[in-house]
Amino acid sequence: MTIRILCIGKLKERFYADAVSEFVKRLSRYASVEIVELADERAPEQLSAAQREQVKDAEGKRMLARVSEGDFLVALDQRGTELSSEQLSVHMQSWMSAGKSRIAFAIGGSLGHSEAVLARADFRLSFGKPTFSHQIFRIMLLEQIYRAFKIMNGEPYHK
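Presented here is a report on the structure given in the accompanying data block. (Residues numbered from 1 in each chain as written. Predicted model: local features only at pLDDT ≥ 70, side-chain atom pairs only at ≥ 80, totals over all residues. Heavy atoms only, no water.)

Regarding the layout of surface pockets
Next, step 1: As a volume, the largest pocket reaches approximately 1000 Å³.
Next, step 2: Along its surface, the largest pocket is lined by 39 residues, and Gly108, Gly109, Ser110, Leu111 and Gly112 are the ones closest to its centre.
Next, step 3: Mapped onto the lining of the largest pocket, the elements with two or more residues apiece are helix H2 (49-64), strand E3 (72-82), helix H4 (115-120), strand E5 (123-126) and helix H5 (134-152). (1 Å grid on protein atoms, 1.4 Å probe; cavity = no way out; pocket = protein on both sides within 12 Å on 5 of 7 lines; lining within 4 Å. Points joined across faces, edges and corners; volume = space filled by probe spheres on them. Helix = DSSP H or I, 4+ residues; strand = E, 2+ residues; numbered from the N terminus.)

Some points on the pattern of salt bridges
Pairing between side chains of opposite charge can happen when the charged atoms of each approach one another.
Next, step 1: This model, assessed by the stated rule, comprises 16 salt bridges.
Next, step 2: Close ionic contact of Asp18 with Arg14 constitutes a salt bridge, the shortest N to O distance being 4.0 Å. Remark: Arg14 and Asp18 occur in helix H1 (residues 14-27); sequence separation between them is 4 residues, near one turn of the helix.
Next, step 3: Overall, Arg14 belongs to the exposed group, its relative accessible area being 64%.
Next, step 4: Residues joined by salt bridges that share partners form a network here, namely Arg4, Glu34, Asp71 and Arg102. (Salt bridge = Lys/Arg side-chain N within 4 Å of Asp/Glu carboxyl O. Buried < 20%, exposed > 50% of the residue type's maximum accessible area, 1.4 Å probe, protein only.)

Observations concerning the sheet that holds E3
Next, step 1: With parallel pairing, the 5 strands of this open sheet are ordered in space as E2-E1-E4-E3-E5. This sheet does not close on itself; its edge strands, each paired only once, are strand E2 (32-38) and E5. For this sheet, the mean angle separating the axes of adjacent strands, direction not counted, is 30°.
Next, step 2: As paired strands, strand E1 (residues 2-8) and strand E4 (residues 102-107) are joined by 6 bridges and run parallel to one another. Residue pairing for E4: Cys7 is matched across the bridge by Ile107.
Next, step 3: Docked against the sheet, H2 engages E1, E2, E3 and E4, running at close to 160° with respect to E1. (Pairing = 2+ DSSP bridges. Axes fitted to C-alpha atoms, helices over the stretch in contact; angles between N-to-C directions. Contact = heavy atoms within 4.5 Å.)

Structural notes on the side chain of Ser85
Next, step 1: Among the structural elements, Ser85 can be located in helix H3 (residues 85-97).
Next, step 2: Here Gln144 takes part through its side chain, which lies 2.6 Å from a polar atom of the side chain of Ser85.
Next, step 3: What Ser85 contacts, discounting residues up to four positions off in sequence, is Gln144, Arg147 and Ile151. (Polar contact = N/O pair within 3.5 Å; in protein donor to acceptor, adjacent residues only side chain to side chain.)

Some thoughts on the packing of H3 against H5
Next, step 1: For the pair H3 and H5, the least separation of the axes is 8 Å and the interaxial angle reads 75°. Compared by their axis directions, H3 and H5 come out roughly perpendicular. In contact with Ser85, Glu86, Leu88, Ser89, Met92, Gln93 and Met96 of H3, H5 contributes Gln144, Ile145, Arg147, Ala148, Phe149, Ile151 and Met152.
Next, step 2: Partitioning the contact of H3 with H5 into residue classes produces 8 nonpolar, 4 polar and 2 charged. (Parallel < 35°, antiparallel > 145°, perpendicular 65-115°, else oblique. Nonpolar A, V, L, I, M, F, W, Y, C, P; charged D, E, K, R; others polar.)

Here it is in C-alpha cells:
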C-alpha cells in the first residue's frame with residue numbers, strides 16, 4: 001500500500017517538517033508514504049475571478065501530472081464529505097479491499113482545487129468548515145491517516 005500526499009506549497013518551518021517526518025515514520029509500518037510538494041502560483045492578494053481560476057488551473061495541472069491512472073484520488077475540499085476517524089478508516093479499508101494499491105490525497109493551494117482536480121477525484125473529503133494553513137493541514141491529514149490505520153488494525157490509539 002502506498003499513500004501519496006500531493007501538496008501545493010512547501011514546508012518552510014522546521015517544526016512543521018519535523019511533525020510531518022514523525023507521522024511518516026509512524027505510518028511506515030502500515031504503508032509507504034510519499035510526500036510530493038508542488039510549486040504554488042505567485043499571485044497578488046487581490047485577484048479577479050478569472051485570475052483566481054487561472055491560478056487554480058495552473059496548480060491543478062501540476063497536481064494532475066503527478067496522479068497516475070490507477071491512483072485513487074482523494075481531494076481535500078471544504079465542500080466534500082465529513083467523516084469521523086472511524087469512518088475514514090472504513091473508507092480507506094474499502095478502497096484497499098477494492099484493489100487500490102495507491103491512495104493519493106490532494107491538498108490544494110490557498111484558493112482551493114481546480115475544477116479539473118475535483119472532476120478527477122474519486123472522493124472529496126472535508127475536515128470541516130474552518131480554513132487551515134497547508135502546513136498545519138498536512139500534519140492533520142497525516143495524523144488522521146495514521147489513526148485510520150491504527151483503527152483498521154484494532155490497535156489502541158488515544159481518543
